[in-house]
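Examination of the molecular architecture
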Amino acid sequence: MQSPVMQAFQGRKAGTSIDRILSGVSLDAGRHREGVFTTGLNTDLSRIMPKPGTDFEKAMAGAGFVPDPNLAAAEAARCHQCDCSRCIKACNSFIESFEGFTGRYAREIYNNLSIVMGERTANLMINSCTLCDLCATVCPNDFSMADLCLQAREQMLEDKRMPVSAHAFALEEMAHAMGDACFFEKHALCLRQSVFPA
């Protein structure tokens, strides 16, 4: 006997197939990730103690079985919320501060690079990475946000969509304020005020 989870999955799969047949689209396009598949997600389960499963065959053996919500809730409570957050925990100055995860950031960076017109909202995130590559060091899949951010910076700089640095204006302003031109401007202003007092 299949578990209720597998029965629900089979029902959803059948419903999707019926919808596709009635819509006249391909039955198998884009369905390679239905059901069980290998993922790049890597969750550390070394400290997780498995909980005993529910014996559904025994629970459903009686005639006139009525589904028990408590039984379903107990089975659902066994599920561990898998996440791959090693890089987020390691990089609290950048990855954690934007309150997301690397997959979402990668999509935002791709969208930021692809946009033709409009506001590039990921510029701050792209420029906030210190390029230390700690994320790739702790990642079991060697995913590097540093490489991604650096490539995005270089591409946007080449396309003239981003200044050399996010603080380029401040650096230029400071260089002007400390340069000879600023000294002579201030000196001329002082002379003007002494000759033509207000």
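Everything below is about the structure printed above this text.
Right, let's walk through the structure included here. No experiment lies behind these values; they were computed from the predicted model shown.

1. Here we look at the nonpolar core
What tends to happen in soluble globular proteins is that the nonpolar side chains get buried as a cluster. Of all hydrophobic cores here, the largest spans 18 residues; its most connected members are F94, I95, I109, M125, I126, M145 and C149. Contributions of two or more residues to this core are made by α4 (86-90), α5 (102-114), α6 (123-128) and α8 (145-158). Ranked by the residues each element gives to this core, the list is headed by α8, at five residues. The contacts of M145, once residues within four sequence positions are left out, are F94, I95, T102, Y105, I109, C129 and C135.

2. A short note on α8
The terminal C-alpha atoms of α8, which comprises 14 residues, lie 20 Å apart, in line with the 20 Å expected from a rise of 1.5 Å per residue. Those residues of α8 that sit buried are M145, A146, C149, A152, R153 and M156. Relative to the axis of α8, the buried residues are bounded by an arc of 135° and lie together on one face. In α8, the exposed positions that point more than 90 degrees away from the buried face belong to Q151 and E158. If you follow the buried residues of α8, they end up packed against α5, α6 and α7 (134-138). Structurally, the start of α8 carries an N-cap: the backbone nitrogen of A146 is 3.4 Å from a side-chain oxygen of S144.

3. Focus: the environment of C129
Within the fold, C129 resides in the loop between α6 and α7. Note on C129: relative accessible area 10%, which makes it buried. In the structure, C129 is positioned 19 residues away from L148 in sequence and 9.8 Å away in space, judged by C-alpha atoms.

So, how was this worked out
- Residues numbered from 1 in each chain as written.
- Predicted model: local features only at pLDDT ≥ 70, side-chain atom pairs only at ≥ 80, totals over all residues.
- Heavy atoms only, no water.
- Core = buried A, V, L, I, M, F, W, Y, C linked by side-chain atoms within 4.5 Å.
- Buried < 20%, exposed > 50% of the residue type's maximum accessible area, 1.4 Å probe, protein only.
- Helix = DSSP H or I, 4+ residues; strand = E, 2+ residues; numbered from the N terminus.
- Contact = heavy atoms within 4.5 Å.
- Expected span 1.5 Å × (residues − 1).
- Arc of directions from axis to C-beta.
- Polar contact = N/O pair within 3.5 Å; in protein donor to acceptor, adjacent residues only side chain to side chain.

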